[in-house]
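The residues making up each chain are set out below.
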Amino acid sequence: MRVSRRALVMGAGAAVAAGGVFPVRSSFAEPATKEYRLTPKPATVNLTGKGHSDTDVWAYNGAVPGPELRVRQGEPVRLVVSNNLGEETTVHWHGVRLPNAMDGVPGLTQPPIRPGESFYYEFTPRDAGTFWYHPHADSLQQLGLGLAGALIVEEREPVAVDHDLLWFIQDWRLDGESRIAPGFGNRMEASMSGRIGNKITINGRNPDRVSARAGERIRLRLANAALARIVGLRFEGHKPVIVAYDGQPCAPHPPEADRVVLGPAMRADLIIDMDGEPGQTYRVTDDFYQDLAYKLVDFVYASEKPIRDTRDRQLKLPANPLTEPDLAAAERHEIALQGGMAGGMSGMDMSGMGGATWAMNGMSMTGDGQPDMPPLFTFKRGQSCVLALRNETAWWHPMHLHGHSFRVISRNGKPNELREWRDTVLVPARESAEIAFVADNPGDWMFHCHVTDHQEAGMMTVIRVA
Ligand code: C2O
Ligand code: CU
């Protein structure tokens, strides 16, 4: 069966097998199209380890996280999403520069996928890197109940490493019996840090130990798929080098103050030379929140003596085909991030804000996406843009722009020397950041905070590229 774009939404009972082995190649499709099937549905998994109860989740193909999708830069991919949930969903391919109709925002870029229906997402990734996918409908619940997975676009010539590892980090709020606690969208929480959990998993498991061998070089792809938690990772006894943020290569550099900070939705690719002693154990800790430091996982070294030395190898990833913004010709706009609970303002009256507690330039868009969201700005295709974000609130916001990657050109008025490309920029409380990009992807693109509670409660807007 050849599916045209016009027949993207298929009725209930469509001939798409749920689950199954992937990837599959459809014999009637364009020769090189790689096809994956994703079926979001309720499932039961073990998140907390042996001897603990299982947890009822929502999961792609029954697994938490969903399958690690591996595709090639410049090769077409088709993702068949069959909704086996009891409610509407969509899938957003976070960070991937793709056609607007494939972006997965309900109402804005596609009709939501109703229960029993399927949607065919088709695109050809222009950029190699570490991306991820998640629903953009009923996001708090759907992401919070487990729907998320990694999308890795492989470079044509990857850097040489001994192991390419993914740590897909999820944050859960569980009760004593490993059940997911209710209370998504709690208003008090929504006006503060958002729903931070009490159980972290790496690749869907209670992290415990990662085996290592002295002398190896690993590439570690970190993805923070939490609803609200920011992580700040330290690698005891090791010197990680950051080679990419949000899938986009950057000049290799050590993390600032020896800590890799990732807000919700953010990724970093690290190269780590395993320079520890055979037989020893080294801790990876997260101390982002003061006084709440904990050990995330241990690197446990085998007792064999070190394998070869890898240090003279190349660290830099090949560049992606991004267009450099022309700062001299750029249109510049300010965006104030506003709202939330501030110190001493706990009695703030939000009753007049129609369920919104957050805003961008005084405007609040709530929820996950709907038709007719008026754009905050409209750019001509090809226009260079600078957005100056000013966080007037007492909380941190990871601000994500769909459909584009941008350079972070300054922070708090000072030029940012690294000028890294990202799709999500973390703006600390009361601080500012300037981002620059070329509006070269036509369509209506969301720009929102990725603390899911903040997005749902108003910190969201739309940027139009005409
Ligand atoms: Cu990963 Cu609109 O988000
Ligand atoms: Cu926020």
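Residues numbered from 1 in each chain as written. Chains lettered and ligands numbered in written order. Predicted model: local features only at pLDDT ≥ 70, side-chain atom pairs only at ≥ 80, totals over all residues. Heavy atoms only, no water.

Focus: the overall build of the protein
Defined as follows: Here a helix means four or more residues in a row that DSSP labels H or I, a strand means two or more in a row labelled E, and each is numbered from the N terminus. Burial here depends on accessible area, computed with a 1.4 Å probe over protein chains only, as a share of the maximum for the residue type. Under 20% is buried, over 50% is exposed, and the range in between is partly exposed. The contact definition used throughout considers only heavy atoms, calling two residues in contact when any of these lie within 4.5 Å. Here the accessible surface of atoms and residues is derived via Shrake-Rupley with a 1.4 Å probe, and residues count as covered only by protein chains that are part of the display.
A count of helical and extended segments in the protein gives three helices and 32 strands. Taken across its 466 residues, the protein has 58% of its residues classed as buried. Across the protein, every contact between residues at least 6 apart in sequence was considered, and the portion connecting residues at least 24 apart equals 77%. Of the roughly 18800 Å² that the protein leaves accessible, carbon and sulfur atoms contribute 50%.

Structural notes on the nonpolar core
Using the following cut-off: Note on terminology: a nonpolar core comprises buried Ala, Val, Leu, Ile, Met, Phe, Trp, Tyr and Cys residues joined through side-chain atoms within 4.5 Å.
Of all hydrophobic cores here, the largest spans 41 residues; its most connected members are Phe-168, Ile-335, Leu-387, Leu-389, Met-399, Val-425 and Phe-447. In terms of residue count, strand β30 (residues 432-439) provides more of this core than any other element does, four residues in total. If we skip the residues at most four places from it in the chain, Met-399 touches Leu-337, Met-360, Leu-389, Phe-406, Asp-423, Thr-424, Val-425, Val-427, Phe-447, His-448, Cys-449 and Met-459. If you look at the next biggest cluster of nonpolar residues, it comprises 35 residues, including Val-45, Leu-79, Phe-123 and Val-153.

Notes on the packing of aromatic side chains
Filter applied, for reference: Within 6.5 Å between ring centres, the rings of Phe, Tyr and Trp (the latter by its six-membered ring) count as paired, and their orientation is classed by plane angle as stacked under 30 degrees, edge-to-face over 60, tilted in between.
All told, the structure shown has 14 aromatic pairs when counted by the stated rule. Geometrically, the ring pair formed by Phe-288 and Tyr-289 is edge-to-face, given 4.9 Å between the ring centres and 90° between the ring planes. Using a relative accessible area of 13% as the deciding quantity, one classes Phe-288 as buried. Its relative accessible area of 21% is what places Tyr-289 among the partly exposed residues. Put simply, the rings of Tyr-60, Trp-93, Phe-119, Tyr-121, Phe-123 and Tyr-133 touch in pairs and so form one group of aromatic residues.

A closer look at the coordination of the copper ion (ligand 2)
The cut-off we apply is this: For Na, K and Ca the donor cut-off is 3.2 Å, and for all other metals it is 2.8 Å, counting N, O and S atoms only; because water is absent from this set, sites may look incomplete.
Note on the copper ion (ligand 2): its protein donors are His-397 (ND1), Cys-449 (SG) and His-454 (ND1). The metal-donor distances range over 2.0 to 2.1 Å. Between the donor residues of the copper ion (ligand 2), the gaps in sequence give the motif H-x51-C-x4-H. With His-397 in strand β25 (residues 397-401) and Cys-449 in strand β31 (residues 443-449), this residue pair connects regions lying 52 residues apart in the sequence. In this structure, His-397 and Cys-449 share a single accessibility class: buried.

Describing the sheet that holds strand β32 (residues 460-465)
Worth spelling out the cut-off: Any two strands between which DSSP finds at least two bridges are classified as paired. To define axes, lines are fitted to C-alpha atoms, for helices over the stretch in contact only, and angles between the resulting N-to-C directions are given on a 0 to 180 degree scale.
If you trace the five strands from one edge of the open sheet to the other, you get β23-β32-β31-β25-β29, paired in mixed fashion. Across the chains shown, the open sheet's two edge strands, defined by having one partner strand only, are β23 (377-379) and β29 (424-427). Taken pair by pair, the neighbouring strands of this sheet meet at an average axis angle of 20°, ignoring direction. Summarising the sheet, β25 and β29 pair through four bridges and their orientation is antiparallel. When the sheet's bridge partners are listed, His-400 is paired in β29 with Thr-424.

A word on the pattern of salt bridges
Put simply, the test is: In what follows, salt bridge is the name for a side-chain nitrogen of Lys or Arg lying within 4 Å of a carboxyl oxygen of Asp or Glu.
Taken as a whole, this structure holds 33 salt bridges when the rule is applied. Here Arg-72 ties to Glu-75 by a salt bridge, and the two come within 3.5 Å at their closest N and O atoms. Of the residues examined, Arg-72 reaches a relative accessible area of 43% and is grouped as partly exposed. Since its relative accessible area comes to 33%, Glu-75 is described here as partly exposed. Between Asp-246 and Arg-267 there is a salt bridge, with its nearest N and O atoms 3.6 Å apart. Linking Asp-246 in the loop between β15 (241-245) and β16 (248-253) with Arg-267 in strand β18 (residues 267-273), this pair joins segments that are 21 residues apart in sequence. Like Arg-267, Asp-246 is buried.

So, the pairing of β32
Of all six residues in β32, five are buried, a share of seventy percent or more. The sheet contact formed by β23 and β32 spans three bridges and is parallel. What sits directly across from Phe-377, in β32, is Ile-463. Examined bridge by bridge, β31 and β32 share six bridges and lie antiparallel to one another. Across the sheet, the residue bridging to Gly-443 is Val-465, located in β32.

A short note on the environment of Glu-256
By the secondary structure assignment, Glu-256 is in the loop between β16 and β17 (260-262). With a relative accessible area of 73%, Glu-256 lands in the exposed category. With 14 residues separating them along the chain, Glu-256 and Ile-242 place their C-alpha atoms 9.9 Å apart.

Some words on the side chain of Thr-393
Using the following cut-off: Here a polar contact is taken to be a pair of N or O atoms separated by no more than 3.5 Å, where protein atoms must pair a possible hydrogen donor with a possible acceptor and residues adjacent in sequence count only if both atoms sit in side chains.
Within the secondary structure, Thr-393 is located in the loop between β24 (383-391) and β25. For Thr-393, a relative accessible area of 1% translates into the label buried. A distance of 2.7 Å separates a polar atom in the side chain of Thr-393 from a polar atom in the side chain of Asn-391. Only 3.1 Å separates the side chain of Thr-393 from the backbone nitrogen of Trp-395, close enough to count as a polar contact. Those residues in contact with Thr-393 that sit more than four places away from it in its chain are Leu-337, Gln-338, Gly-339, Trp-358, Ala-429 and Arg-430.

Concerning the sheet that holds strand β10 (residues 163-172)
On the basis of which strands lie adjacent, the open sheet formed by six strands has the order β11-β10-β13-β18-β15-β16 and mixed pairing. Of all the strands in the sheet, the pair left with one neighbour each is β11 (199-202) and β16. Between one strand and the next, the sheet's axes are offset by a mean angle of 25°, whatever the strand orientation.

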